Amino acid sequence: MGYQRVITWNLRGLACLYLIRQVEDLAGMQAANLQNLPENYAMRFWIYHTMTWPQISFVAEDHKGRIVGYVLAKVEEPEDDNEVPHGHVNSISVIRSYRRLGLAKKLMLLSQEAMHSVYHASYVTLHVRKSNQAAIGLYRDSLGFKVAKVEKKYYADGEDAFSMRLSLK
């Protein structure tokens, strides 16, 4: 996969073209993370994920080539013969002024599709803050994730997380 062009409509009703592609600009991806999320990662984390599972992480760029969103994912290999490989979304973010355009959903769908087709993942998991109603709505209502369990004090600030899961079959 090289890239996909995605056309959405902005709040003024104007068509906007976005480019969705696999990751090349780790610094831009990390900058989007730092701007949007309280959970931040060292550069070696980004490098490890994109080198180990390059087919399942994606970025969205605006018409000027700026990264306005990303999804960073990995695949958990089975530890024994009774388990199956599954994907995990480590981080997804879209810059605030580019939200509600369908970019996060598109990024998630591309990652999920690649997890299944490339790595034969049977399901995907993620964690989300219990207070993040917008993200929960995207995962549950738009993408079909279900809450598997609550992980108490999952985040560094002590907030609980929903551990969510979606079957890819």
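The structure this text deals with has already been given above.
Residues numbered from 1 in each chain as written. Predicted model: local features only at pLDDT ≥ 70, side-chain atom pairs only at ≥ 80, totals over all residues. Heavy atoms only, no water.

Asker: Would you mind showing me how to read a negative patch on the surface here?
Answerer: On the surface, a cluster of negative charge is contributed by Glu79, Asp80, Asp81 and Glu83. Note that Asp80 resides in the loop between strand E4 (67-76) and strand E5 (86-94). (Patch = residues over 30% accessible without salt bridge, like charges linked within 9 Å, V, L, I, M, F, W, Y side chains within 5 Å. Areas by Shrake-Rupley, 256 points an atom, 1.4 Å probe, with all protein chains shown as cover. Salt bridge = Lys/Arg side-chain N within 4 Å of Asp/Glu carboxyl O. Lys, Arg positive; Asp, Glu negative; His and termini not counted. Charge placed at Lys NZ, Arg CZ, Asp CG, Glu CD. Helix = DSSP H or I, 4+ residues; strand = E, 2+ residues; numbered from the N terminus.)

Asker: What am I meant to see in the side chain of Arg129 here?
Answerer: Here Arg129 is to be found in strand E6 (residues 123-129). A distance of 2.6 Å separates a polar atom in the side chain of Arg129 from a polar atom in the side chain of Glu159. (Polar contact = N/O pair within 3.5 Å; in protein donor to acceptor, adjacent residues only side chain to side chain.)

Asker: Is there a simple way to think about helix H4 (residues 133-142) in this case?
Answerer: Residues spaced three or four apart along an α-helix point in a common direction, a consequence of the helix completing one turn every 3.6 residues. Among the residues of H4, those classed as buried are Ala135, Ile136, Gly137, Leu138 and Tyr139. Against the buried residues of H4 lie E5, helix H3 (103-119), E6 and strand E8 (161-167). Downstream of H4 by one or two residues, Gly144 has phi in the positive range, about 90°. (Buried < 20%, exposed > 50% of the residue type's maximum accessible area, 1.4 Å probe, protein only. Contact = heavy atoms within 4.5 Å.)

Asker: Before we go on, may I ask you to explain the environment of Ser117 in this structure?
Answerer: Tracing the chain through its elements places Ser117 in helix H3. In the structure, Ser117 is positioned 62 residues away from Gln55 in sequence and 10.0 Å away in space, judged by C-alpha atoms.

Asker: Before we go on, may I ask you to explain the packing of aromatic side chains in this structure?
Answerer: We describe a pair of aromatic rings using the distance from one ring centre to the other and the angle between the two ring planes. In the structure shown here, the tally under the stated rule is 3 aromatic pairs. The interplanar angle of 90° and the centroid separation of 5.5 Å between the aromatic rings of Tyr48 and Trp53 together place this pair among those described as edge-to-face. Exposure remark for Tyr48: the relative accessible area of 47% places this residue in the partly exposed category. For Trp53, a relative accessible area of 10% corresponds to the buried category. Here the aromatic rings of Tyr154 and Tyr155 are separated by 4.9 Å at their centres, their planes lie at 85°, and the arrangement is edge-to-face. Classification of Tyr154 by relative accessible area gives partly exposed; the value is 38%. (Phe/Tyr/Trp six-rings, centres within 6.5 Å; stacked < 30°, edge-to-face > 60°.)

Asker: Honestly, the nonpolar core in this entry has me stumped. Any pointers?
Answerer: For soluble globular proteins, the rule of thumb is that nonpolar side chains tend to be buried together. Among the nonpolar cores identified, the biggest contains 36 residues, and Met108, Tyr139 and Phe145 are the most heavily contacted of them. Elements with a minimum of two residues in this core: strand E3 (58-61), E4, E5, H3, E6, H4 and E8. Top contributing element to this core by residue count: H3, with 8 residues. With residues near it in sequence (within four places) discarded, Phe145 still touches Met108, Gln112, Val124, Leu126, Tyr139, Arg140, Met164, Arg165 and Leu166. Residues Trp46, Ile67, Tyr70 and Leu72 belong to the second largest nonpolar core, which totals 5 residues. (Core = buried A, V, L, I, M, F, W, Y, C linked by side-chain atoms within 4.5 Å.)

Asker: Any chance you could explain helix H2 (residues 43-52) here in plain terms?
Answerer: Among the residues of H2, those classed as buried are Trp46, His49 and Thr50. Viewed along the axis of H2, the buried residues span an arc of 90°, placing them on a single side of the element. Opposite the buried face of H2, at more than 90 degrees from it, the exposed residues are Arg44 and Met51. (Arc of directions from axis to C-beta.)

Asker: Quick question: what am I supposed to make of the pairing of E4 here?
Answerer: In the case of a regular strand, side chains alternate between the two sheet surfaces. Where burial is concerned, most of E4 is hidden: 9 out of the 10 residues are buried. In sequence, E3 turns back onto E4 through a hairpin of 5 residues, with Gly65 there showing a positive phi of about 85°. In this sheet, E5 lies alongside E4 in antiparallel orientation, the contact comprising 8 bridges. Within the sheet, the bridge partner assigned to Leu72 lies in E5 and is Ser91. (Pairing = 2+ DSSP bridges.)

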